[in-house]
Amino acid sequence: MNKRWLLLIPLVVFFVLLGFFLVGLDRDPRELPSTLIGKPAPAFTLPDLNAPEKMVSAQDFHGQVWLLNVWASWCVSCRAEHAVLVEFAKTNEVTIVGLNYKDKPTDAKTWLRQYGNPYAASPMDSDGRVGIDYGVYGAPETFLIDKNGVIQYKQIGPISEEALSETLIPKIRELKQR
Amino acid sequence: MIPEIGQFALILATLLMIVQGTLPLVGASKGISAWMALSRRTAQGAFFFMALAMGCLIYSFIVNDFSVLNVATNSNTKLPLAYRIAASWGSHEGSIMIWVFMLGLWSCAVSIFSKHLPEEMVARVLGVMGLVGTGLLLFLLLTSNPFDRIFPVPIEGRDLNPLLQDPGMVLHPPMLYMGYVGFSVAFAFAVAALLGGRLDATWARWSRPWTTLAWCFLTLGILIGSWWAYYELGWGGWWFWDPVENASLMPWLVGTALMHSLAVTEKRGTFKVWTVLLAICTFSLSLLGTFIVRSGVLTSVHAFATDPRRGMFILALLALVIGGSLVLFAFRAPRVGASGKFKLVSRESALLANNLLLTVACGTVLLGTLYPLFLDALKLGKISVGPPYFEAVFVPLMVPTIFLMGVGAVARWKEATLPDLWTRLRWALVVTVIVSVAIPFILGRTAPTSVALLALGFGMALWVATSAVVGFLDRIKHVGGSFSEKLARQPRSFWGMFVAHLGIAVFIVGVTVVKGFEAERDVKMTPGDTVSVGGYSFRFVGIEDHPGPNYQASRGTFELSKDDKVMRNLYPEKRKYFSFGMPMTEAAIDSGVFGDRYVSLGEPLNDGKQSWSVRVYHKPFVTWIWGGCILMTLGGLLALSDRRYRVNARREAGAVSWTSVKLEKA
């Protein structure tokens, strides 16, 4: 009798998984989690990747609209969006800050040298503490922050050309008007 | 016109699959042999129409019929022929199409190579495959029709994603899907056995070759995928623990366990319940992989368009196929009957322990892959799971697995004693320990962590290799004749195991050496500059424009030399595809048995001197990673060609009609 009960375990495990998938399907993984939108961007002060003696903090960008892009050299998806960011940075539309997430400085530096550096600054979040404050669940993620330091939009996953031209740029222009 | 024929053929295939999935199953349970006999014909008919549909799709791509939405979004007049053909399975619609086409192929193969099986078994196996096929064909027709038309017809197509325009990507999906879908045969056999209440050594013998063949395809598919990531993503990694890669690794791990478990069931009549469960899990994970990739529940480099309708459909399909088979398992498995007995120290135990380890390893990969989803669903916030998690969890599980792999290959069935194992394995152990500790020092490493990691890697590889050799010597000891006669008398299935296990050793050497000794330089180079890495020099000769069929490339020339002797020129490219904005890096690789020399171009530096940022690598023994996978595949194929299967097939064909006896009893 005992043994028969054991045979039900795979079924139960599967149904638990199924439940998660059901909930997961309803949520677009790229969709913004509502918690941080409209809240002030969490403060941070971190050394800059290319000039470790210099500290970068969220406060530095107060008064302007800026993008905080979470990236890492180990992140394959970041590579997919990087070219888009490099091109976008050339337009000088907005300041892009690259939060270098759980990365090794040497890897990160060579990565930027090889693929181009679109970032005005790259604060190093080596242990991922700032990532936790921002609710980062994986790279790449991008936060759009307004002049008052409030998070207005969050993009999860790579920024495609479409996401940039259809969503991000209009939002940036709108925030600049305010 | 041609797309309509394809569409029509798909509908006919669906109808035939519905018949294949219902009547033979009912016939088998009620003993109506005319209904059972339908299974073979319908399977072959369904395959014919699926092949016709696939042909129509490929034709539409070859002639660039842009009135078909799928062609218009994935092809282009400038796309070369080979990639137009590959584009047929490059899109979402196309990949589901090739999935069902493969299912048709496998079930057609079962209908042909099952002459010696009882009619009832064939009816059930093909019936189960028919049900699965029906589900996927409906998914294809209702949510992802590859033949949908658009109007007005565009003049030019959008082109295939440049990342997929590569020889590796032409082969990768068909191989991978052959593997994924091939496990449906083992699954169908398991479900058929549960339905019929007959689970014994014969059942295991029938499922074994199919499972091994599917496993070979999956191994090759993963290998090609990894190789593609290595040279196409342009930064020299070969495994990224990306959700989509994990989706293919999970069925591989459980499939490997299944292959070994089937061997025990066939030879010793034990582990039956466990083997059935593994067969169900392997195919379930293949389906789950399809779900993960196709539904967009997880983000990854491979992420395709998210369509909740599609996700919901696959989820319902998963619930029916996996849920249904697990319910059947829970209620029918107790009837399977008693197992053979074995002692704690025996080959059975080693294999069982390894099966559990492989399953746990698969579980950790599953957990890591789905963790973000779990936490998000539970509203516990979001968390990142990257390569650090997988390396920290997966590697420690592989160490005991590899150790037991050596023991299992040598231990006796039923009962082995520790002193006996020790006598036979002590030389292997001594050689392993001494050599693996010596190697890091010989290679000039002294830092403790580096020495420990290298010794561990080499130790695992040596242990597998030496214990395989011990097992081999044990075997030939008891056979008469000269050495060559002794070799000739070993069955192919033994050689299969031997070669596949050596493949694991070769693979581990590759991983260990690459991790420990790879060297890379990232430099700014102006024509004339030289950079050296790993004892090789790369001289940057210059860069020139190089037009391709549907892209414009900047092609660099690098002169590779060692000890001032010029070896060859390498031509890495930076390509701009006309239809996509994203520049693509084509690395140039000088590949050899002892490693690769790898150059990839970064960005032009626009300093007027034609300077570029350049990345060069020396990847010693990286080729062994793929060589190991090829050996594993070869081992699988050798085992498949074993004489036993052919002889048994003949013997069973002449045996009494077991079905009738069984039916009378029922």
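What counts and how
- Residues numbered from 1 in each chain as written.
- Chains lettered and ligands numbered in written order.
- Predicted model: local features only at pLDDT ≥ 70, side-chain atom pairs only at ≥ 80, totals over all residues.
- Helix = DSSP H or I, 4+ residues; strand = E, 2+ residues; numbered from the N terminus.
- Rg over C-alpha atoms; globule rule 2.2 N^0.38 Å.
- Buried ≥ 20, exposed ≤ 12 C-beta atoms within 10 Å, placed from the backbone.
- Contact = placed C-beta atoms within 7 Å.
- pLDDT = per-residue confidence, 0-100.
- Pairing = 2+ DSSP bridges.
- Axes fitted to C-alpha atoms, helices over the stretch in contact; angles between N-to-C directions.
- Domains from an automatic or database assignment.
- Parallel < 35°, antiparallel > 145°, perpendicular 65-115°, else oblique.
- Left-handed = near helix turned anticlockwise from the far one by under 90°.
- Nonpolar A, V, L, I, M, F, W, Y, C, P; charged D, E, K, R; others polar.
- Core = buried A, V, L, I, M, F, W, Y, C linked by C-beta atoms within 7 Å.
- Expected span 1.5 Å × (residues − 1).

A word on the overall build of chain B. If you tally the helices and strands in chain B, you get 20 helices and ten strands. For 666 residues, the compact-globule estimate of 2.2 N^0.38 gives 26 Å, and chain B sits close to it at 27 Å. For chain B, the C-alpha atoms occupy an extent of roughly 90 × 75 × 60 Å along the three principal directions. Here chain B, with 666 residues, has 54% of them falling under the buried criterion. Partitioning the intrachain contacts of chain B with sequence separation of at least 6 by distance along the chain shows that 75% fall at a separation of at least 24.

Tallying secondary structure elements over chain A gives six helices and seven strands in all. Taken from N to C terminus, the helices and strands of chain A fall in the order α-α-β-β-β-α-β-α-β-α-β-β-α. Expressed along its principal axes, the backbone C-alpha trace of chain A runs to roughly 70 × 40 × 30 Å. For chain A, the proportion of its 178 residues judged to be buried stands at 45%. Counting only contacts in chain A whose residues sit at least 6 apart along the sequence, the fraction spanning at least 24 positions is 75%.

Residues and elements named next belong to chain B. Looking at chain B, the pLDDT average stands at 87 and 92% of residues meet or exceed 70. Within the model, pLDDT remains below 50 along residues 300–305, and this stretch shows 17 contacts once partners closer than five positions in the same chain are excluded. Below a pLDDT of 50 lies the segment residues 652–666, which in the model reaches eight contacts outside its immediate sequence neighbourhood of four places, other chains included. Model confidence for the complex: the whole-complex pTM is 0.82, and ipTM, which rates the interface, is 0.75.

In this section: the sheet that holds strand 4 (residues 95–101) of chain A. Whether parallel or antiparallel, the strands of a sheet pair through hydrogen bonds between backbone atoms. All names here are of chain A. Read across the open sheet, the five strands follow the order 5-4-3-6-7; overall the sheet is mixed. Each edge of the sheet is formed by a strand with only one pairing partner; in this case those strands are strand 5 (124–125) and strand 7 (151–156). Inspection of the sheet shows strand 3 (residues 66–71) paired to strand 6 (residues 141–145) by five bridges, in the antiparallel sense. Residue tryptophan 66 lies in a different strand from strand 6, and its bridge partner there is isoleucine 145. Sheet strands touched by helix 6 (residues 161–177): strand 6 and strand 7. Its angle to strand 7, the strand with the most contacts, is close to 170°.

Entries for chain B in the domain assignment read domain 1 (1–159), domain 2 (169–414) and domain 3 (519–623). For domain 2 of chain B and domain 3 of chain B, the distance between their C-alpha centres works out to 39 Å.

Residues and elements named next belong to chain B. Interaxial distance between helix 1 (residues 2–30) and helix 2 (residues 33–62) falls to 7 Å at its minimum, and their mutual angle equals 160°. In this view, helix 1 runs roughly antiparallel relative to helix 2, as classed from their interaxial angle. When the axes of helix 1 and helix 2 are compared, the crossing they make is left-handed. Taken together, the residues that form the contact of helix 1 with helix 2 break down as 26 nonpolar, eight polar and no charged.

We now examine the confidence of the model for chain A. Predicted coordinates in regions of low pLDDT should not be interpreted in detail. Overall, the prediction assigns chain A a mean pLDDT of 82, with 90% of residues at 70 or greater. Summarising per-element confidence for chain A, the mean pLDDT is lowest in helix 1 (residues 2–6) of chain A (70) and highest in strand 3 of chain A (92).

A few words now on the nonpolar core. Ranked by size, the top nonpolar core spans 207 residues in total, and within it Ala186(B), Phe189(B) and Val276(B) carry the most contacts. Ranked by the residues each element gives to this core, the list is headed by helix 8 (residues 201–232) of chain B, at 18 residues. Ignoring any residue separated from it by four or fewer positions in sequence, one finds Ala186(B) in contact with Ser207(B), Trp210(B), Thr211(B), Ala214(B), Leu258(B), Ala279(B), Thr282(B) and Phe283(B). Counting 43 residues, the second-largest nonpolar core is a separate cluster that includes Val56(A), Trp74(A), Cys75(A) and Leu85(A).

Next up on the list: the sheet that holds strand 10 (residues 612–620) of chain B. All names here are of chain B. Taken in spatial order, the four strands of this open sheet run 1-10-9-8, and their pairing is antiparallel. Every other strand in the sheet has two partners, leaving strand 1 (519–525) and strand 8 (588–592) as the edge strands with one partner each. On average, adjacent strands in this sheet sit at an angle of 15° to one another, irrespective of strand direction. Examined bridge by bridge, strand 1 and strand 10 share seven bridges and lie antiparallel to one another. Note on strand 10: the bridge partner recorded for alanine 519 is histidine 618. In the packing of helix 18 (residues 622–640) onto the sheet, the strands contacted are strand 8, strand 9 (595–604) and strand 10, and the crossing angle to strand 9 comes to about 120°.

Consecutive side chains of a regular strand alternate in pointing toward one face of the sheet and then the other. All names here are of chain A. For strand 3, the buried fraction is high: six of the six residues fall into the buried class. Note: strand 3 against strand 4, six bridges, orientation parallel. Opposite tryptophan 66, over in strand 4, you have threonine 95 as the bridge partner.

All names here are of chain A. Within the secondary structure, asparagine 100 is located in strand 4. Judged by the 27 C-beta atoms lying within 10 Å of it, asparagine 100 is buried. Sequence separation between asparagine 100 and methionine 124 is 24 residues; the distance between their C-alpha atoms is 4.9 Å. Excluding its chain neighbours within four sequence positions, the residues that come into contact with asparagine 100 are Leu49, Trp71, Ala72, Ala108, Ser122, Pro123, Met124 and Asp125.

So, on to the environment of Gly386(B). As for its placement among the helices and strands, Gly386(B) is situated in the loop between helix 12 (347–377) and helix 13 (387–410). Spatially, the C-alpha atom of Gly386(B) lies 8.3 Å from that of Asp242(B), the residues being 144 residues apart in sequence. Residues in contact with Gly386(B), not counting those within four places in the same chain, are Trp74(A) and Lys102(A).

Residue and element names in this part refer to chain B. Compared with an ideal rise of 1.5 Å per residue, which puts 30 residues at 44 Å, helix 7 (residues 167–196) spans 45 Å between its outermost C-alpha atoms and is within 8% of the ideal. In terms of residue burial, helix 7 counts as a mostly covered element, since 22 of its 30 residues are buried. Following helix 7 by one or two positions, glycine 197 has its phi on the positive side, about 70°.

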